[in-house]
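# Descriptive analysis of the structure
Each chain, letter by letter, is given below.
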Amino acid sequence: MLRSTNRRRRLHPLPMRIMHWVNAVTIFIMVGSGWKIYNDEVLFGWLHFPEALTIGKWAQHGLQWHFFGMWILVINGLSYLTYGLVSGRFRRMLLPIRVGDLISTVKDALHLKLSHDDPTKYNAVQKLLYVGVILAGILIVISGLAIWKPIQFSELAALFGSFQNARLVHFFCMTAIVLFVVVHVVLALLVPQTLVAMFTGGPPVDNQSTEMQHETAQ
C-alpha cells in the first residue's frame, strides 16, 4: 500500500551537518599530525612534507595530536555511517552508480557542460567519489590500528601482509582523502550554494516520491 505523506526536510539534516564539520576539522588534524609523523620516518626518500603544514613541534607531539584526532574520527565516522544507513540517505543519494551515467557525466565535464542546477541529486562522478572516500576512510582506520598496535591487532595486521604494507595502504588512503578534499573544496567554491547548504541545511526535499518508489519495488 502506498503512503501519500507530504513530509519535507532539508537536503542536509542537522546531524549530517554537524558530523560533516566535525569530520572536516578532524581530517585537518589527522593529516597535519600524520605528515609530522611521516617526516620522522619517511616511506619515500624523495618525499618530505613542509613543516609549516604539519601539526606538532616534534614527532611525539604529532603522535599525540594523531591519537586525539583518531578517536574523534572513529566515533564520528561510526555515527556518520550509522546515520547514513539507518536513515536511508546513502541509498537515496549514493545509489545506484551506473557505468553509463558515469561515462556520460565525465563527457559532460570534459565539455564543460556539467550541470549543478539540482543540488539535491548527485551525478555519477559525485556518487563514486563519496563512496570511494567512505571506503578509504574505513581502510585508513583499519590500517592505522594495525600500525598503532601490530601485536594487539595482529589479525588486522595480517590482512596487509606486513607492517610496511600497512603503512603504504595508510599513506595511499591518506592521499586519496586529501585529493578528495581538494576536489570537494574547489567544487564548493565554484558552486557556492553547495557550501551554503552545508550551513543552512539547503533546500527542502520531498520524501514522498522516494518512499513510494521504495514501497512499489517491495
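A short tour of the structure in this document, coming up. (Residues numbered from 1 in each chain as written. Predicted model: local features only at pLDDT ≥ 70, side-chain atom pairs only at ≥ 80, totals over all residues. Heavy atoms only, no water.)

Before going further, it helps to examine the nonpolar core. Residues Y38, F44, L47, F49, L94, F171 and M174 are the most contacted members of the largest nonpolar core, which totals 23 residues. Counting only elements with at least two residues in this core, the list comes to α1 (14-40), α3 (89-94), α5 (124-148) and α7 (163-190). Once you skip the residues sitting within four places of it in the chain, L94 turns out to touch R89, Y122, K127, Y130, V131 and I134. (Core = buried A, V, L, I, M, F, W, Y, C linked by side-chain atoms within 4.5 Å. Buried < 20%, exposed > 50% of the residue type's maximum accessible area, 1.4 Å probe, protein only. Helix = DSSP H or I, 4+ residues; strand = E, 2+ residues; numbered from the N terminus. Contact = heavy atoms within 4.5 Å.)

It is worth spelling out the environment of V133 at this point. Residue placement: V133 occurs in helix α5. Separated by 40 residues in the primary sequence, V133 and C173 have C-alpha atoms spaced 8.6 Å apart. If sequence neighbours within four positions are ignored, V133 has contacts with I177 and F180.

Contact geometry of α7 with helix α8 (residues 192-200) gives a least axis separation of 4 Å together with a crossing angle of 105 degrees. In terms of their interaxial angle, α7 and α8 are classed as roughly perpendicular. On α8, the residues that touch L187, A188, L189 and L190 of α7 are P192, T194 and L195. For the contact of α7 with α8, the per-class residue count stands at six nonpolar, one polar and no charged. (Axes fitted to C-alpha atoms, helices over the stretch in contact; angles between N-to-C directions. Parallel < 35°, antiparallel > 145°, perpendicular 65-115°, else oblique. Nonpolar A, V, L, I, M, F, W, Y, C, P; charged D, E, K, R; others polar.)

Turning our attention to the side chain of T54. Take T54: it is sitting in the loop between α1 and α2 (59-86). Judged by its relative accessible area of 12%, T54 is buried. Among the polar contacts listed, one links the side chain of T54 to the backbone oxygen of E51, at a separation of 2.8 Å. Those residues in contact with T54 that sit more than four places away from it in its chain are G32, W35, K36, N39 and F49. (Polar contact = N/O pair within 3.5 Å; in protein donor to acceptor, adjacent residues only side chain to side chain.)

On to the packing of aromatic side chains. One pass over the full model with this rule turns up 14 aromatic pairs. Between Y122 and Y130, the aromatic rings sit 4.9 Å apart at their centres with planes inclined by 25 degrees, giving stacked as the arrangement. Cluster of aromatic residues (ring-pair linked, three or more members): W35, Y38, F44, W46, F49, F171 and F172. (Phe/Tyr/Trp six-rings, centres within 6.5 Å; stacked < 30°, edge-to-face > 60°.)

Quick look at the pattern of salt bridges now. Overall, the coordinates contain three salt bridges when judged by the stated rule. D101 is paired through a salt bridge with R98; the nearest N and O atoms lie 3.8 Å apart. (Salt bridge = Lys/Arg side-chain N within 4 Å of Asp/Glu carboxyl O.)

Time to look at the side chain of T26. Here T26 lies in helix α1. When sequence neighbours within four positions are dropped, the list of residues in contact with T26 reads G69, I72 and L73.

These figures capture arrangement, not role.
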